[in-house]
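Commentary on secondary and tertiary structure
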Amino acid sequence: MKPLSEFPQDVEPLLAAARAARPHSYSPYSGFAVGAAIRTLDGRLHAGCNVETVAYNNSLHAEMGAVSKMIASGARHFDAVVVVTDSDEPVFPCGFCLQYLSEFGGDATVYAVNVRGSGSFRHAKLSELLPFQFQGHHIRSQASKGDSL
Ligand SMILES: [Zn+2]
């Protein structure tokens, strides 16, 4: 874990986008506001925030919101994602979001940023956080076996 003052300069705009999205979070039930932003391979940034409903299972995670904006823009791949929380320590995406992110950025770098106090962050490759990613080619290899099911 490193102090936020050491956050890499080339990813700073991504951090700014995630920080700007976080206050717009709709999280009245958990009180846990999250902002996320992803950078497409051509350098565009897409941010999202978590959106809860009273039916907890029907909530949108910030990472998913950012991916949705990327897809809506026509892009399909990203190389970096920043997740911003106000917590005791930087928080990496949940398992559900790791799978979601791996669909479009399996080798992306994930930055978990905590803005509490003077701030801190840590980072890892998505492939480290979810080393045996379930991907489309796994399904296609089964389909190619014809009627073996
Ligand atoms: Zn999640």
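Preceding block: the structure.
Source: prediction; values computed, not measured.

**Some remarks on the overall build of the chain**
Counting secondary structure elements, the chain contains five helices and six strands. Across the chain, helices and strands are ordered from the amino to the carboxyl terminus as β-α-β-β-α-β-α-β-β-α-α. Taken against the 2.2 N^0.38 rule, which gives 15 Å for 149 residues, the C-alpha radius of gyration of the chain at 16 Å falls within 12% of a compact globule. Counting only C-alpha atoms and orienting by the principal axes, one finds that the chain spans roughly 60 × 35 × 30 Å. Taken over 149 residues, the chain has a buried fraction of 31%. Sequence separation of 24 or more characterises 61% of the internal contacts of the chain that already satisfy a separation of 6 or more.

**Details of the nonpolar core**
If you look at the biggest cluster of nonpolar residues, it comprises 30 residues, and the most contacted ones within it are Ala18, Ala36, Ala37, Val81, Val82 and Val83. Listing elements by their share of this core, those giving two or more residues are helix H1 (12-21), strand S2 (35-40), strand S3 (45-49), helix H2 (62-72), strand S4 (78-85), helix H3 (95-105) and strand S5 (109-114). For this core, the element with the highest residue contribution is S4, accounting for six residues. Aside from chain neighbours lying at most four places away, what touches Val81 is Ala36, Ile38, Glu63, Leu101, Gly105, Ala108 and Val110.

**Describing the pairing of strand S6 (residues 120-125)**
Put simply, side chains in a regular strand alternate between the two faces of the sheet. In this sheet, S6 lies alongside strand S1 (residues 2-3) in antiparallel orientation, the contact comprising two bridges. Opposite Lys2, over in S6, you have Phe121 as the bridge partner. Two elements, S5 and S6, share six bridges in a ladder whose sense is antiparallel. Bridge pairing in S6 links Val113 to Phe121. The turn joining S5 and S6, which pair antiparallel and follow one another in sequence, is formed by five residues; a positive phi near 65° is taken by Gly117.

**A closer look at the sheet that holds S6**
If you walk across this open sheet you meet the six strands as S1-S6-S5-S4-S2-S3, and the pairing is mixed. Single-partner strands in this sheet number two, and they are S1 and S3. Sheet contacts for H2: S2, S3 and S4; angle to S3, the most-contacted strand, approximately 140°.

Analysis parameters
- Every chain's residues receive numbers from 1 upward, in the order its sequence appears when written.
- Restriction of local features to residues with pLDDT of at least 70 applies here, the model being predicted, together with a cutoff of 80 or more for giving and counting side-chain atom pairs; totals for whole chains, interfaces and linings are based on all residues.
- Counting from the N terminus, the helices are DSSP H or I runs at least four residues long and the strands are E runs at least two residues long.
- For the radius of gyration, the atoms used are the C-alpha atoms, and the globule rule reads 2.2 Å times the number of residues raised to 0.38.
- Residues are called buried when their C-beta atom has 20 or more other C-beta atoms within 10 Å, exposed when it has 12 or fewer, and partly exposed otherwise; all C-beta atoms are positioned from the backbone.
- Two residues qualify as being in contact provided that their C-beta atoms, derived from the backbone, are within 7 Å of each other.
- Take the buried Ala, Val, Leu, Ile, Met, Phe, Trp, Tyr and Cys residues, join any whose C-beta atoms are within 7 Å, and the set you get is a nonpolar core.
- Any two strands are treated as partners once DSSP identifies two or more bridges connecting them.
- Helix axes are fitted only over the stretch in contact, all axes being lines through C-alpha atoms; the angle between N-to-C directions runs from 0 to 180 degrees.

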